[in-house]
Amino acid sequence: MFYAPASGGVRTYLDAKHRRLGDRPGIRHSLLIPGAHLSEHDGIYKVPAPALPFGKGYRFPLRLAPWRNVLRDLQPDLIEVGDPYLTAWAALDARRQLDVPVIGFYHSDLPLLVSNRMGNWFTPNIEAYVSKLYGNFDRVLAPSQVMADKLTGLGVKNVYVQPLGVDLQTFNPTARDPGLRAELGIAEDTRLLIFAGRGSKEKNLPVLLKCMKRLGERYHLLLVGSSMPAVVPDNVTVVDEFCPAPQVARLMASADALLHAGDQETFGLVILEAMASGIPVVAVAAGAFTEIVHEDCGLLCTPNNPQAMANAVRQLFSEGCKRRGVLARRHVEHHYAWDTVVNSLLGHYHSVLGEQLPLLANA
């Protein structure tokens, strides 16, 4: 259900994997996503599921049988589950019929998501649910060590860290547009920062806005994505809409640095996209950021502290953004290219199969 028109990192991962596995000889990769009607195009199967009210294109599967039936008809040798809801149980049900291994990818911190929206009353029940569900999989993948540790702490076995990747062709320093500052109506010597993503509570955008007030008029922040705040300081520009990757890439490469205050990120794909664009990062020392933001690529600061973030931004510019930007690009080229990620995934698949891998399915 994480696959929707305005989806973030999970859809990026699924699309990138689907394209690259489709180019590998001897492999068939099928992707099952929610849709209005049962249909198939280029190996992507839409399975009927009702739309969520005000859900911006997201759909929530309510019936197990349609998913199980498509999986049964595909006859895959392996199933990878991408969310912790009904489709996960459909995959486990299909396993009993097909006698194939099922891998669970734990993309989101479900107990934390629920507690953010409903309080801590439900946390023990949600943790028990996660422990039970992911305890059924033949192998569990987590995008970061912090997520793997949370699963292990809940008693889940057989957990492996599998980072995501970044499109090095789309997110590239060559996408820089020297006319962006004029387009924004700011001076050429203004230090331009950017944040791209959803304006959800977990992103802590108020911290960014307070940080910009402290930085003053020599600095400007570009907020890009849906559900952005309407009231912002004078040195902030808002693009309040979902932007396709090439548009985000142009804005990224044209900025001086990425700013990110989210302290609950399970991975943080936008961090990699910024580094691939040749710009460094100022982020909080929390979640997965401590794993992917190296000293050569940016600076980390105290979470939920606008003054600490403003100080880190000033330090970044005083030490030189361009050098760190070059090193950031080099770092993601070596560690986070999608081909590298897909090769690692295939290693997990082969391990649970113990044989050659002709057919795959994602649910």
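Labelled according to an unreviewed UniProt entry, the protein appears under the name Glycosyltransferase family 1 protein, originating from Pseudomonas viciae.

S.K.: Could you clarify how one ought to interpret helix H13 (residues 321-335) in this entry?
M.R.: Taking 1.5 Å of rise per residue, 15 residues should cover 21 Å, and H13 covers 21 Å from first to last C-alpha, within 8% of that figure. Looking at H13, one finds that the buried residues are Cys321, Arg324, Gly325, Ala328, Arg329, His331 and Val332. An end-on view of H13 places all buried positions within 160° of arc, on one side of the element. Every exposed residue of H13 that faces more than 90 degrees away from the buried side is listed here: Lys322 and His334.

S.K.: Looking at this model, I keep getting lost on the packing of aromatic side chains. Mind explaining?
M.R.: Within the structure shown, the criterion is met by 8 aromatic pairs. Between Tyr13 and Trp338 the ring centres are 6.3 Å apart and the planes differ by 40°, which places this aromatic pair in the tilted class. Residue Tyr13 is located in helix H1 (residues 9-22), and its partner Trp338 is located in helix H14 (residues 338-353); the two are separated by 325 residues in the primary sequence. On the basis of an interplanar angle of 80° and a centroid distance of 5.0 Å, the ring pair of Tyr106 and Tyr134 is categorised as edge-to-face. With a gap of 28 residues between them, Tyr106 in the loop between strand S5 (102-105) and helix H4 (110-118) and Tyr134 in helix H5 (residues 123-134) connect regions that are remote in the sequence. Taking relative accessible area as the criterion, Tyr106 reaches 2% and is therefore assigned buried. Taken together, the aromatic side chains of Tyr13, Phe105 and Trp338 make up a single cluster linked through ring pairs.

S.K.: For this particular structure, what's the right way to read the environment of Leu223?
M.R.: Turning to its location among the elements, Leu223 is positioned in strand S9 (residues 219-224). A relative accessible area of 0% means that Leu223 is categorised as buried. Sequence separation between Leu223 and Arg63 is 160 residues; the distance between their C-alpha atoms is 38 Å. Discounting residues that sit within four places of it in the chain, Leu223 has contacts with Phe195, Leu208, Leu209, Met228, Pro229, Val236, Thr237, Val238 and Val239.

Calculation criteria
Residues numbered from 1 in each chain as written. Predicted model: local features only at pLDDT ≥ 70, side-chain atom pairs only at ≥ 80, totals over all residues. Heavy atoms only, no water. Helix = DSSP H or I, 4+ residues; strand = E, 2+ residues; numbered from the N terminus. Expected span 1.5 Å × (residues − 1). Buried < 20%, exposed > 50% of the residue type's maximum accessible area, 1.4 Å probe, protein only. Arc of directions from axis to C-beta. Phe/Tyr/Trp six-rings, centres within 6.5 Å; stacked < 30°, edge-to-face > 60°. Contact = heavy atoms within 4.5 Å.

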